[in-house]
Amino acid sequence: GPEEPLVNGIVDAFQKEGLRIFGPRKSAARIEGSKVFCKQLMRHADVPTAEFKIFDHSEPAKYWVDTREYPVVVKADGLAAGKGVIVCNSSEEAKKAIDRVMVQEEFGSQAGRQAVIEKRLEGEELSVLALVGGRSILPFPPTQDHKALNDGDKGPNTGGMGAYCPAPKGTPELMAKIESEVFVPIVHAMKRARYPFNGLLYGGIMLTNQGPKVLEFNARFGDPETQPLLMRLKSDLLDLLEAAVDETLAEMDESKVVWDDRPAVCVVMASGGYPGKFENGKPIAGLDEVSRMADVKVFHAATKVDGNRIVTDGGRVLGVTALGATLAAAKERAYEAVRKISFKGAYYRTDIADKALR
């Protein structure tokens, strides 16, 4: 589920009542709920990440930005529905971002109390999701998200405009390195500090010239990476979630975790104007036709039922996902489905998975 209930302690509440629940407790969900906590934890656990500084006030932050020779990223400390990270190209942009976060409190007063300012990393992004239960870590196949709004990775950052799995950049050697240098130290550091992580740990990794570095951690399945990932999972997801809760992940071998050999591509259909202002309530056509297509699934992200129609109800509306014999075939199938669906102002990128195809 979404991050907010985890950060607010839904797992603690369930466990107090003796109920089974999958996910991290409040103390561990801070890894997503607080950028400050996350960066300090990475520093403590010696996990590779961008150099950073934490600020409580806007003026020292602006002064520090002026002394940097490199572009920076400004991050609101608290939850901001995937929008509290501003990638800046100049110190002027960075100062405006600091004002948005800390002065205007655009992402909420809680999120804007502190800000993390870090060196902007260059490279391709990789999303690595892993189940964690007790001492066991079970990484899933690597996926790649497309955060920028427009083709060619241009435009503002979003919650993600599409993803594909597996990402060829995530070679077995690289995945082993990420497991040993990122997931193992962070999971052990949290266990040692008495807030053990149990659930789904998502690492956003930047593949830099100096090796993989962590951009962020999330405490749940990430959207839109989960869609192509689960399209490929042939065994039962519930068995995996149960094993994480019961801390028996070590027994989940390849016979119990079965993946489809075919790659999957997910294309997000968004409301025109997202991630800025947009209108809700636009009727969606074509869903029935697409539901009859083989190897295609439409994941509803922001829709609602209005009488006998389904209408838009948010920024990222649908995650149209398809399997294909090859990545190119999966991409073609996904876009074939996208073209059958329509609503007023519908917007989507046309280049999802092109990086891998190049």
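Scroll up to find the structure.
Residues numbered from 1 in each chain as written. Predicted model: local features only at pLDDT ≥ 70, side-chain atom pairs only at ≥ 80, totals over all residues. Heavy atoms only, no water.

## Some words on the packing of helix 4 (residues 35-45) against helix 7 (residues 172-192)
- It is the contact of helix 4 with helix 7, at a shortest axis distance of 9 Å, that shows an interaxial angle of 100 degrees. Between helix 4 and helix 7, the angle is such that the two are roughly perpendicular. Two secondary-structure elements touch here, helix 4 through Leu 41, Met 42, His 44 and Ala 45 and helix 7 through Pro 185, Ile 186, Ala 189 and Met 190.
- Taken together, the residues of the contact of helix 4 with helix 7 break down into seven nonpolar, one polar and no charged. (Axes fitted to C-alpha atoms, helices over the stretch in contact; angles between N-to-C directions. Helix = DSSP H or I, 4+ residues; strand = E, 2+ residues; numbered from the N terminus. Parallel < 35°, antiparallel > 145°, perpendicular 65-115°, else oblique. Contact = heavy atoms within 4.5 Å. Nonpolar A, V, L, I, M, F, W, Y, C, P; charged D, E, K, R; others polar.)

## Re the pairing of strand 9 (residues 154-157)
- Bridge analysis of strand 8 (residues 148-150) against strand 9 gives two bridges, and the strand direction is antiparallel. Within strand 9, the residue paired with Ala 148 across the bridge is Asn 157.
- From the end of strand 8 to the start of strand 9, which pair antiparallel, there are three residues, and Gly 152 there has a positive phi angle of about 70 degrees. (Pairing = 2+ DSSP bridges.)

## A closer look at the pattern of salt bridges
- A complete count under the given rule lists 28 salt bridges for this structure.
- In this structure, Glu 3 and Arg 220 form a salt bridge, with 3.6 Å as the shortest nitrogen-oxygen distance. Residue Glu 3 is located in helix 1 (residues 3-7), and its partner Arg 220 is located in the loop between strand 12 (211-218) and helix 8 (226-232); the two are separated by 217 residues in the primary sequence.
- Connected through shared salt-bridge partners, Asp 153, Arg 349, Asp 351 and Lys 355 make up one network. (Salt bridge = Lys/Arg side-chain N within 4 Å of Asp/Glu carboxyl O.)

## What about the environment of Ala 334?
- Position of Ala 334 relative to the elements: it lies in helix 11 (residues 327-340).
- Remark: the alpha-carbon pair of Ala 334 and Val 267, spanning 67 residues in sequence, is separated by 6.8 Å.

## Thoughts on the pairing of strand 17 (residues 316-323)
- Of all eight residues making up strand 17, eight are buried, and the element is well covered by its neighbours.
- When strand 13 (residues 264-271) meets strand 17, the two strands line up antiparallel, connected through seven bridges. Each bridged residue has a counterpart across the sheet, and for Met 269 the counterpart in strand 17 is Leu 318.
- Pairing of strand 14 (residues 296-300) with strand 17 involves five bridges; the strand directions are antiparallel. Bridge assignment links Lys 297 to a residue of strand 17, and that residue is Thr 321. (Buried < 20%, exposed > 50% of the residue type's maximum accessible area, 1.4 Å probe, protein only.)

## Some remarks on the packing of helix 5 (residues 58-66) against helix 6 (residues 91-103)
- At their nearest, the axes of helix 5 and helix 6 sit 10 Å apart, and the two run at 165 degrees to each other. It follows from the interaxial angle that helix 5 and helix 6 lie roughly antiparallel. The two elements helix 5 and helix 6 cross, and the hand of that crossing is right-handed. Residues Ser 58, Ala 61, Lys 62, Val 65 and Asp 66 of helix 5 form the contact with helix 6, whose own contacting residues are Ser 91, Ala 94, Lys 95, Ile 98, Asp 99, Met 102 and Val 103.
- For the contact of helix 5 with helix 6, a count of residues per class yields six nonpolar, two polar and four charged. (Left-handed = near helix turned anticlockwise from the far one by under 90°.)

## Digging into helix 5
- Looking only at helix 5, the buried set comprises Ser 58, Ala 61, Lys 62, Trp 64 and Val 65. End-on, the buried residues of helix 5 take up no more than an arc of 160 degrees, which puts them together on one face. Facing away from the buried surface of helix 5 by more than 90 degrees, the exposed residues are Glu 59 and Tyr 63.
- Where helix 5 is buried, its residues meet strand 1 (52-55), strand 2 (72-76), helix 6 and strand 4 (115-119). (Arc of directions from axis to C-beta.)

## Things to note about the environment of Val 101
- Topologically, Val 101 is positioned in helix 6.
- With relative accessibility at 1%, the residue Val 101 sits in the buried group.
- Taking the C-alpha atoms as reference points, Val 101 and Gly 78, separated by 23 residues in sequence, lie 10 Å from one another.
- Beyond its immediate chain neighbours, meaning those up to four positions away, Val 101 contacts Val 74, Ala 76, Ile 86, Glu 106, Phe 107, Gly 112 and Ala 115.

## Some points on the nonpolar core
- Residues Ile 31, Ile 186, Leu 201, Phe 217 and Val 265 are the most contacted members of the largest nonpolar core, which totals 58 residues.
- Sorting elements by how many residues they give to this core places helix 7 first, with nine residues.
- Residues in contact with Ile 31, not counting those within four places in the same chain, are Phe 37, Cys 38, Leu 41, Ile 186, Met 190, Phe 197, Leu 201, Phe 217 and Ala 219.
- Counting residues in each nonpolar core, the second largest holds 19 residues, with Phe 55, Cys 88, Met 102 and Ala 115 among its members. (Core = buried A, V, L, I, M, F, W, Y, C linked by side-chain atoms within 4.5 Å.)

## Topic: the sheet that holds strand 6 (residues 136-139)
- Reading across the sheet, the four strands line up as 6-5-11-12 and stay open at both edges, with antiparallel pairing between neighbours. Each edge of the open sheet is held by one strand with a lone partner, namely strand 6 and strand 12. With strand direction ignored, the average angle separating the axes of adjacent strands in the sheet is 35 degrees.
- Summarising the sheet, strand 11 (residues 199-208) and strand 12 pair through seven bridges and their orientation is antiparallel. Residue pairing for strand 12: Gly 204 is matched across the bridge by Glu 216.

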